[in-house]
Amino acid sequence: TKQDLECDKISLDRQNKDLKSRIVHLENSHRSNKEGLVAQMETRIAELEERLEYEERDRASLQLNNRRLERKVKELMMQVDDEHLTLTDQKDQLSLRLKSMKRQVEEAEEEIDRLESAKKKLQRDLEEQTDLNDQLQAQLTATKKELSRRKSSPSRMVNDLEDDDDDDLSTDGESLYDGPSVYTFSRDDGIRA
């Protein structure tokens, strides 16, 4: 029994050593796995921190660009407002100029109408004067014939009268002779003796 117990003891010691070596091996492998995992986690943390830092820099840069763009948009809006005001002023000025030019055109048209009316009146007056001149020429011719027929005055007087009549005629056939004092001219009445 003693021998059996010693054999069992030896066997148990062997098992104990074997288990201890296995425990040491597992602890070592677990420790190495743990250290590797910790190293991986630290590497991952470092990568994440670097990425976070890069994203923060990128975010700061975007915010700066955003502020610049906002300033630029405000400047452009102010410029657009100024240009709008300028265009509105120019539009108002052009409207005033257009009204003024329309008024000038209307005044010019009225002046043209007035001048046309005056021209027509002058043409009528000219025609009346031409008719009156023709009547006077006819009367003068008739008077000359009457004087030469009567021969009641000396021939010298008739010749003087004829010379005076020739002086009173213009080159275009219209008379410049005012006529004797017994004739009075009127546009409306024609000739009065």
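Residues numbered from 1 in each chain as written. Predicted model: local features only at pLDDT ≥ 70, side-chain atom pairs only at ≥ 80, totals over all residues. Heavy atoms only, no water.

Q: I'd love a proper account of the overall build of the protein chain, names of residues and values included.
A: The secondary structure content of the protein chain amounts to 2 helices and 2 strands. Moving toward the C terminus, one meets the helices and strands of the protein chain in the order α-α-β-β. Burial status across the protein chain gives 6% buried among its 193 residues. Considering only intrachain contacts with a sequence separation of at least 6, the fraction spanning at least 24 residues in the protein chain is 51%. Accessible surface computed for the protein chain: about 17,700 Å², of which carbon and sulfur atoms make up 53%. (Helix = DSSP H or I, 4+ residues; strand = E, 2+ residues; numbered from the N terminus. Buried < 20%, exposed > 50% of the residue type's maximum accessible area, 1.4 Å probe, protein only. Contact = heavy atoms within 4.5 Å. Areas by Shrake-Rupley, 256 points an atom, 1.4 Å probe, with all protein chains shown as cover.)

Q: Please set out a negative patch on the surface residue by residue, giving values where relevant.
A: Together, Glu106, Glu107, Glu109, Glu110, Asp113 and Glu116 make up a region of like negative charge exposed at the surface. Of note, Glu107 is situated in helix α1 (residues 2-150). (Patch = residues over 30% accessible without salt bridge, like charges linked within 9 Å, V, L, I, M, F, W, Y side chains within 5 Å. Salt bridge = Lys/Arg side-chain N within 4 Å of Asp/Glu carboxyl O. Lys, Arg positive; Asp, Glu negative; His and termini not counted. Charge placed at Lys NZ, Arg CZ, Asp CG, Glu CD.)

Q: Before we move on, can you summarise the pattern of salt bridges with the specific residues and values?
A: Going through the model one piece at a time under the given rule, you end up with 7 salt bridges. For Arg150, the salt bridge goes to Glu146, with nearest N and O atoms at 2.8 Å. One end of the pair is Arg150 and the other is Glu146, both in helix α1 and 4 residues apart, which spans about a single turn. Among the charged side chains, a salt-bridge network with shared partners connects Glu146, Arg149 and Arg150.

Q: How would you sum up a nonpolar patch on the surface? Please name residues and give values.
A: The grouping of Leu37, Met41 and Ile45 at the surface amounts to a nonpolar patch, some 290 Å² of accessible area in total. Residue position: Met41 is located in helix α1.

Q: Describe the confidence of the model for the protein chain, listing the residues and the values that go with them.
A: Detail in the predicted coordinates should be disregarded across regions flagged by low pLDDT. Considering every residue of the protein chain, the mean pLDDT works out to 81; 77% of them sit at 70 or more. In the model of the protein chain, strand β2 (residues 190-192) stands out as the element of lowest mean pLDDT, 42, in contrast to α1, which has the highest, 90. Below a pLDDT of 50 lies the segment residues 167-193, which in the model reaches 35 contacts outside its immediate sequence neighbourhood of four places, other chains included. (pLDDT = per-residue confidence, 0-100.)

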